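Summary of the model geometry
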Amino acid sequence: MDHKALSRHLIAAGILAGAGGVYIFYIHEPLHMLRLFGAGAELRRFLSIGSIALIGLLYLAALANYFKICVRIGENASFCTENAVRLGRIGRLLSIGGGCWTAIIAVLLCLRIIDRYLYLVLALAALASFCAGVVARVLGQLVRRASRLQEENDLTI
């Protein structure tokens, strides 16, 4: 598979992930929060829906960096410093997202809101964010090393 085809496949996967993220962050979870808090809890609903929407923005920023990496792959520049930097940014954004999910869990516990489904979803989101952040950072380091090796090879030839 050539670089352009690989890039197109990666972009298609990113579009699907983005569509799923928009559904989760801006449709499904806000509706769940509306049902959870019910009438008379406008401030809680606003804060919970707002915090989930802000976390969604972190993931959209990570996705934007992902798309830029995909474009560079299509240009046959897979192992470059710019991609390593972008992978590091993705790792930081996802780690911050995991921290935000953890903070939401703590706030819900302080408010004594009991919804096991919600806690499970939030805990899984935090865990997935932290793990994906670690993977992105490690890949960034590997791409950085590959970039250095590629530059050394170019200089010796």
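Refer to the structure above for everything that follows.
Below, the structure is looked at part by part. For clarity, every value in this text was computed on a predicted model and none was experimentally measured.

Calculation criteria
- Residues numbered from 1 in each chain as written.
- Predicted model: local features only at pLDDT ≥ 70, side-chain atom pairs only at ≥ 80, totals over all residues.
- Heavy atoms only, no water.
- Helix = DSSP H or I, 4+ residues; strand = E, 2+ residues; numbered from the N terminus.
- Patch = residues over 30% accessible without salt bridge, like charges linked within 9 Å, V, L, I, M, F, W, Y side chains within 5 Å.
- Areas by Shrake-Rupley, 256 points an atom, 1.4 Å probe, with all protein chains shown as cover.
- Salt bridge = Lys/Arg side-chain N within 4 Å of Asp/Glu carboxyl O.
- Buried < 20%, exposed > 50% of the residue type's maximum accessible area, 1.4 Å probe, protein only.
- Lys, Arg positive; Asp, Glu negative; His and termini not counted.
- Charge placed at Lys NZ, Arg CZ, Asp CG, Glu CD.
- Core = buried A, V, L, I, M, F, W, Y, C linked by side-chain atoms within 4.5 Å.
- Phe/Tyr/Trp six-rings, centres within 6.5 Å; stacked < 30°, edge-to-face > 60°.
- Polar contact = N/O pair within 3.5 Å; in protein donor to acceptor, adjacent residues only side chain to side chain.
- Contact = heavy atoms within 4.5 Å.

**A closer look at the environment of Q150**
Looking at the secondary structure, you find Q150 in helix α4 (residues 116–156). Measuring from C-alpha to C-alpha, the distance between Q150 and F79 comes to 7.7 Å, with 71 residues separating the pair along the chain.

**Describing a nonpolar patch on the surface**
A cluster of nonpolar residues, V22, Y23, I24, Y26, I27, L31, L34, L54, L57 and L60, forms a patch on the protein surface that exposes about 850 Å² of accessible area. Secondary structure elements with two or more residues in the nonpolar patch: α1 (3–37) and α2 (42–74). Tracing the chain through its elements places L57 in helix α2. Overall, L57 belongs to the partly exposed group, its relative accessible area being 48%.

**What about a positive patch on the surface?**
Taken together, the side chains of K68, R89, R92 and R137 present a region of like positive charge at the surface. Owing to a relative accessible area of 44%, K68 belongs among the partly exposed residues under this scheme.

**Some words on the nonpolar core**
Ranked by size, the top nonpolar core spans 26 residues in total, and within it W101, I104, L108 and L122 carry the most contacts. Those elements that place two or more of their residues in this core are α1, α2, α3 (81–110) and α4. When residues of this core are assigned to their parent elements, the largest contribution, nine residues, is made by α3.

**Describing unusual backbone geometry**
Leaving glycine out, the prevailing phi sign among residues is negative, and the prevailing peptide bond configuration is trans. Unusually for a residue other than glycine, N76 sits at a positive phi of about 60°. With respect to the secondary-structure elements, N76 resides in the loop between α2 and α3.

**Some details on the packing of aromatic side chains**
Considering all chains together, one arrives at three aromatic pairs under this definition. Between F25 and W101 the ring centres are 5.8 Å apart and the planes differ by 20°, which places this aromatic pair in the stacked class. In this pair, F25 sits in helix α1 while W101 sits in helix α3, placing the two residues 76 residues apart along the sequence. An identical accessibility class is assigned to F25 and W101; each is buried. Within the aromatic cluster, the residues linked to one another by ring pairs are F25, Y59 and W101.

**What about the environment of R35?**
Checked against the element boundaries, R35 lands in helix α1. A sequence separation of 47 residues divides R35 from E82, and the C-alpha atoms of the two residues are 44 Å apart.

**Here's the deal with the side chain of N65**
In this structure, N65 sits in helix α2. Taking the relative accessible area as the measure of exposure, N65 reaches 9% and is therefore buried. Here the side chain of N65 touches R86 through a polar contact of 2.9 Å, side chain to side chain. In this structure, N65 is in contact with R86, R89, I90 and L93, ignoring residues within four places of it in sequence.

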